[in-house]
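# Tertiary structure, described
Here is what each chain is made of, one letter per residue.
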Amino acid sequence: MARRMASILEVQDLHVSYQSRGGAPSQALAGVSFHVTRGEILGVLGESGSGKSTLAGSLLRLLHLNGKITKGAVFFEGQDILHANSNELQEIRGKRISLIFQEPSVALHPTMRAGEQVRQVLAAHGSARKNTLREKTRQVLSTVFPEETERISQLYPHQLSGGQRQRLLIAQAIACGPSLVIADEPTASLDPTTQMEILGVFRTLREKTGRCNDPHHPQSSGARWTG
Ligand SMILES: Nc1ncnc2c1ncn2[C@@H]1O[C@H](COP(=O)(O)OP(=O)(O)O)[C@@H](O)[C@H]1O
Ligand SMILES: [Mg+2]
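Attention here is on the structure that accompanies the text. (Residues numbered from 1 in each chain as written. Chains lettered and ligands numbered in written order. Predicted model: local features only at pLDDT ≥ 70, side-chain atom pairs only at ≥ 80, totals over all residues. Heavy atoms only, no water.)

### Observations regarding the site of ligand 1
Taken together, Tyr-18, Ala-28, Glu-47, Ser-48, Gly-49, Ser-50, Gly-51, Lys-52, Ser-53, Thr-54, His-64 and Asn-66 make up the full set of residues near ligand 1. For ligand 1, a nitrogen atom lies 2.9 Å from a polar atom in the side chain of Asn-66. In the complex, 66% of the free accessible area of ligand 1, which totals 560 Å², lies under the protein chains. Sort the elements by how many residues they give to the shell around ligand 1 and helix H1 (residues 52-59) lands first, with three residues. The residue inventory of the shell around ligand 1, partitioned by class, reads two nonpolar, eight polar and two charged. (Near = heavy atom within 4 Å. Polar contact = N/O pair within 3.5 Å; in protein donor to acceptor, adjacent residues only side chain to side chain. Areas by Shrake-Rupley, 256 points an atom, 1.4 Å probe, with all protein chains shown as cover. Helix = DSSP H or I, 4+ residues; strand = E, 2+ residues; numbered from the N terminus. Nonpolar A, V, L, I, M, F, W, Y, C, P; charged D, E, K, R; others polar.)

What follows is the structure in structure tokens.
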């Protein structure tokens, strides 16, 4: 299949199996293909156990040890992810593709203030010079907490609401300006009103950061849902 120029992610015929002790391997993904263009929001729908987390993990080669990609290809910005070495993967993870895990209370450090959690992500990836780290942290936080950036930045995770914790995870995910954010059920632990609010945050971010550069692909400014 010809790779579309506007795609930042191209997944072709992906197969993933899990090996269980003694038993035969069980297939979690059997031939998944899709592409994502710049500025596009792609939703993956499926019941529990249908392979959504497996798919998310495969894209960054972060599957459980007994999980194996047995067939297919993943290209990110033209780079062959399934054949990338560990240095190349390290460069991609968190910086060019970031992952938001399902459960915010597990993903956040319990004794670290919100601002510090974002600052550490920036520092770890060398995404800001030391003297600009503070300002950059404030900037990132203000994209998800435009109205009370300073106050929220001083709070610990347990002092935040579920929606605020999810916003903080989103802030961490976008801190280094990735081309792609993968969110694994980012609203699963939230009440319906907050779910809508968080989906709104993603939409706003797309408008702010994911402007479509390619006039030949007008669909890249829309949302697509794959069943
Ligand atoms: N580490 C694992 N070992 C064995 N089977 C697994 C493992 N992780 C997931 N699976 C199986 O793979 C299938 C897909 O799981 P998952 O990707 O977590 O689905 P979803 O995220 O859509 O709920 C399920 O049948 C699940 O039981
Ligand atoms: Mg899952």
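### Topic: helix H5 (residues 133-144)
In this model H5 runs 17 Å from its N-terminal to its C-terminal C-alpha over twelve residues, within 8% of the 16 Å that 1.5 Å per residue would give. Among the structural elements, helix H4 (114-124), helix H6 (149-153), helix H7 (162-174) and helix H8 (192-209) are those in contact with the buried residues of H5. (Expected span 1.5 Å × (residues − 1). Contact = heavy atoms within 4.5 Å.)

### A short note on the pattern of salt bridges
The full count for this structure, using the stated rule, is nine salt bridges. Ionic pairing is found between Lys-52 and Glu-185, a salt bridge with its closest N-O pair at 3.6 Å. In this pair, Lys-52 sits in helix H1 while Glu-185 sits in the loop between strand E7 (180-183) and H8, placing the two residues 133 residues apart along the sequence. By relative accessible area, Glu-185 is classed as partly exposed at 31%. Connected via shared salt-bridge partners are Arg-38, Glu-77 and Arg-96. (Salt bridge = Lys/Arg side-chain N within 4 Å of Asp/Glu carboxyl O. Buried < 20%, exposed > 50% of the residue type's maximum accessible area, 1.4 Å probe, protein only.)

### Section: H8
Its 18 residues place the ends of H8 26 Å apart at the C-alpha level, agreeing with the 26 Å of an ideal helix rising 1.5 Å per residue. Within the span of H8, buried status applies to Thr-194, Ile-198, Val-201, Phe-202, Leu-205 and Arg-206. Seen end-on, H8 carries its buried residues on one side only, within an arc spanning 135°. In H8, those exposed residues whose orientation departs by more than 90 degrees from the buried face are Pro-192, Thr-193, Met-196 and Glu-207. (Arc of directions from axis to C-beta.)

### What to know about the environment of Pro-157
Structurally, Pro-157 is set in the loop between H6 and H7. Between the C-alpha atom of Pro-157 and that of Leu-108, which follows or precedes it by 49 residues, the distance is 7.0 Å. If we skip the residues at most four places from it in the chain, Pro-157 touches Leu-108, His-109, Pro-110, Met-112, Gln-117 and Arg-165.

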